[in-house]
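Analysis of the macromolecular model
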Amino acid sequence: MRISRTLAALTVACAVLLTTAGTTATAGTRAAATATGEPYCGITWGSGDKVAGALSDAPLTEVRTGRHDCYDRVVFEFDGTVTGYSIGYGETYTEGEGLALSPYTAGGALLRVSLRAPAYDDEHLATVPYRVGDHVANVLRYQTLRDVVFGGSFEGYSTFAVGVRARLPFRVLVLAGPGTHSRIVLDVAHQWQQ
């Protein structure tokens, strides 16, 4: 009789422990989900390298930047159709010289931008007013962008070092226009999570 009462009490105690453990585990899982947060502004871009397109002979004509609610933007505009780029985090080197640009570029992280198009015309005259090492944009008061430095143009490729506050998600868009022009757009998010 004592044994059956003891077994019954143990069964009840085990059931209570299992129920409590399940509730605690569920609460812990909820806390972990809350700690990871939702994507910032719904952004799910990631920070891995982005590569696309082919080499073009349409020259670069302008570089400009813009501030948005969820990201900062760099726009590379070309006189013709351009689709080729290779953009990722890491050291950027000047085209033709191989000089590292990190000592000359502000920011906690560096995006190396290689555009598959020249910054000169058919007669090898520059189509942008920048020289190698020039800071091409004023990014004062930007939340993410810290610097945009021209790394040169050599054998049909144009290079930039884009300094950002930290390694953050980014995306690259290829847009047609205005007119016969095209644009390669680099957006860098302000943060990872809400």
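Residues numbered from 1 in each chain as written. Predicted model: local features only at pLDDT ≥ 70, side-chain atom pairs only at ≥ 80, totals over all residues. Heavy atoms only, no water.

As a further point, take the pairing of strand β2 (residues 60-67). Looking along a regular strand, one sees the side chains alternate between the two faces of the sheet. Where β2 lies against strand β3 (residues 71-78), seven bridges are found, and the strand directions are antiparallel. By the bridge assignment for β3, E62 is matched with E77. Counted between consecutive antiparallel strands, the loop separating β2 from β3 contains three residues. (Pairing = 2+ DSSP bridges. Helix = DSSP H or I, 4+ residues; strand = E, 2+ residues; numbered from the N terminus.)

Looking now at the pattern of salt bridges. Applying the stated rule across the entire model yields five salt bridges. Among the ionic pairs, R64 bridges to E62, the shortest N-O distance being 3.2 Å. When its relative accessible area of 28% is taken as the criterion, R64 is described as partly exposed. We classify E62 as partly exposed; its relative accessible area is 34%. Between D187 and R73 there is a salt bridge, with its nearest N and O atoms 2.6 Å apart. (Salt bridge = Lys/Arg side-chain N within 4 Å of Asp/Glu carboxyl O. Buried < 20%, exposed > 50% of the residue type's maximum accessible area, 1.4 Å probe, protein only.)

What the rule picks out here adds up to one disulfide. Two residues share a disulfide in this structure: C41 and C70, whose sulfurs sit 2.0 Å from each other. Judged by the torsion about the S-S bond (-75°), the C41/C70 disulfide is left-handed. Of the two residues, C41 is situated in the loop between α1 (2-36) and β1 (50-52) and C70 in the loop between β2 and β3; the sequence distance between them amounts to 29 residues. (Disulfide = S-S within 2.5 Å.)

Before going further, it helps to spend a moment on the nonpolar core. Grouped together as the largest cluster of nonpolar side chains are 34 residues, with contacts concentrated most on V63, F76, L111, F160, V162 and L186. Sorting the residues of this core by element identifies β2, β3, β4 (85-89), β5 (109-115), β6 (145-154), β7 (157-164), β8 (170-176) and β9 (182-189) as the ones contributing at least two each. The greatest single-element share of this core, amounting to four residues, is contributed by β5. Apart from the residues within four sequence positions on either side, V162 is in contact with V74, A109, L110, L111, V113, L145, D147, V148 and L186. (Core = buried A, V, L, I, M, F, W, Y, C linked by side-chain atoms within 4.5 Å. Contact = heavy atoms within 4.5 Å.)

Purely spatial values, then, with no claim about function.
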